[in-house]
Amino acid sequence: MFDYAQFPNRAILCVDMKSFYASIIAVTEGLDPLTCHLVVVGNTDQKGSVVLAASPAMKKDFRIKTGSRLFEIPDDPRIIVRNPKMGLFIRVSTEITKLFFRYVPPSAVHTYSVDEGFLDVSGLEKSFGTPMEIAQKIKGDIMREFGLPSTIGIGPNMLMAKLCLDLEAKKVDGGISRWSYEDIPHKLWPISPLCEMWGIGKRTEKTLNNMGIFSIGQLARYDLTLLEKKFGILGNQLYHHAWGIDLSEIGAPIMQGQISYGKSQILLRDYKEIHEIKSVLLEMCEDVAKRARSNHHAGRTITLGISYSKDEFGGGFQRSRTIENPTNVTMIIYQVCLELFHENYRGQTVRQISVSITKLENDYEMQLDLFDTGGWKKRKLGYVVDTIRNRYGSTAILRAVSYTSGGTALKRANLLGGHKK
């Protein structure tokens, strides 16, 4: 067993807005977020549109949840289907964060997502009461001022607070639970399947299963050296997380510096024509290149991911290629992606595309290629186009493919976070 006395033992709250998008729409329409049957979908005009949020009653009575599709929703008069209002969602999220500042300073708050955040309430007993009492006050404030239900997990660090939230607080009456280091053997270690543990995805779970690890308790007792040999630094993290140890500091940057630039897009429909797939791919390469240029970065490793439609029974591929000189030029990234695409694509129907660049370097340090005398002009042109778009809007200059049937840039320019404003 670890000597937990050597690790931080703070009072961290992980606050989650229950079915956030659906609850906000319900409140604006005068409905009870907990009892109404309401779903928010990406676009009500498209049968294949993804469910972004479903009210608790919708999940319970109709088994419709986040990730379901519009065509899966039963034709029932009790069900209300709405488009998202991303501008409203973000404004409400911002106001809830301001509510947190009544209890703690901004440095003690970490916004994890639009509907979830962490607060460090250590040492506030004299001001606001125990961590449980503070959680009850915050939960009451959110309900009274916004009409939104919430759940709160409390733990000695961010990891434990998040696990407490997901695995217990969301399931108990009152919606508030607290975990301590003493709870690890009987609350954390029994977790199985492994993907129920925050931070372990299906792919990692499969690898761990192949190693004979099927529960968090087995992971905690596995040889650390073997885990590090198999997973590298991730193996060290998996091992310590299995013991409930997390040294992350609220307010500290999640990562020192950007290590990649990427974009993933679920297409609005199935794409079967190669010329349409290429149109979207070029738009995405443009976006990734622009993001890299905005920070004066260039990358050497380019990754393309293609996911197939359900009609193809899923599947897909993800391939990478490292080039000699780092780049942030759209057409160079695009040409590498085309190579990867033609080498691995076999004519299936495409529903999702992702592009990323890694192994970054500062653009200022890029070496000129003696055999490509126009290379610096290509990079300069990209920055000029970015300047025009930043000043006059993302659609001020578009490539011709954006005006074709396969292009998505024009439609997405009117979206916020990929959804209707």
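Quick caveat, the model's predicted, so the values are computed rather than measured.

Peer 1: So, empty space enclosed by the protein: which residues are in play, and what are the values?
Peer 2: Evaluated as defined, the whole model comprises one cavity of 30 Å³ or more. There is about 80 Å³ of room inside the largest cavity. If you go around the largest cavity, the residues you meet are Met-17, Phe-20, Ser-93, Ile-96, Thr-97, Phe-100, Thr-111, Ser-113, Val-114, Asp-115, Glu-116 and Gly-117. Listed by contribution, the elements that provide at least two residues to the lining of the largest cavity are α3 (86-100), β5 (109-113) and β6 (116-120). Ranked by the residues each element gives to the lining of the largest cavity, the list is headed by α3, at four residues. A per-class count over the lining of the largest cavity returns five nonpolar, five polar and two charged.

Peer 1: Could you give me a rundown of the sheet that holds strand β1 (residues 12-17), with the residues and numbers involved?
Peer 2: In space, the five strands of this open sheet follow the order β5-β6-β1-β7-β8, with mixed pairing throughout. The two strands at the open ends of the sheet, each matched to only one other strand, are β5 and β8 (176-178). Within the sheet, the average angular offset between the axes of one strand and its neighbour, ignoring direction, is 15°. Across the sheet, helix α5 (residues 131-146) is in contact with β1, β6, β7 (150-155) and β8; its angle to β7 comes to roughly 160°.

Peer 1: Could you give an account of helix α6 (residues 158-167), naming the residues involved and the relevant values?
Peer 2: In terms of residue burial, α6 counts as a mostly covered element, since nine of its ten residues are buried. Looking at α6, one finds that the buried residues are Met-158, Leu-159, Met-160, Ala-161, Lys-162, Leu-163, Cys-164, Leu-165 and Leu-167. Where α6 starts, the residue carrying a side-chain oxygen 3.2 Å from the main-chain nitrogen of Leu-159 turns out to be Asn-157.

Peer 1: So, the packing of aromatic side chains: which residues are in play, and what are the values?
Peer 2: Here a ring pair, both rings aromatic, is described through the centre-centre distance and the interplanar angle of the planes. If you walk through the whole model with that rule in mind, you get ten aromatic pairs. With centroids separated by 4.3 Å and ring planes inclined at 5°, the aromatic side chains of Tyr-21 and Phe-89 adopt a geometry described as stacked. In this pair, Tyr-21 sits in helix α1 (residues 20-28) while Phe-89 sits in helix α3, placing the two residues 68 residues apart along the sequence. Like Phe-89, Tyr-21 is buried.

Criteria and cut-off values
Residues numbered from 1 in each chain as written. Predicted model: local features only at pLDDT ≥ 70, side-chain atom pairs only at ≥ 80, totals over all residues. Heavy atoms only, no water. 1 Å grid on protein atoms, 1.4 Å probe; cavity = no way out; pocket = protein on both sides within 12 Å on 5 of 7 lines; lining within 4 Å. Points joined across faces, edges and corners; volume = space filled by probe spheres on them. Helix = DSSP H or I, 4+ residues; strand = E, 2+ residues; numbered from the N terminus. Nonpolar A, V, L, I, M, F, W, Y, C, P; charged D, E, K, R; others polar. Pairing = 2+ DSSP bridges. Axes fitted to C-alpha atoms, helices over the stretch in contact; angles between N-to-C directions. Contact = heavy atoms within 4.5 Å. Buried < 20%, exposed > 50% of the residue type's maximum accessible area, 1.4 Å probe, protein only. Polar contact = N/O pair within 3.5 Å; in protein donor to acceptor, adjacent residues only side chain to side chain. Phe/Tyr/Trp six-rings, centres within 6.5 Å; stacked < 30°, edge-to-face > 60°.

So, to be careful, I would describe these as geometric facts and stop short of saying anything about function.
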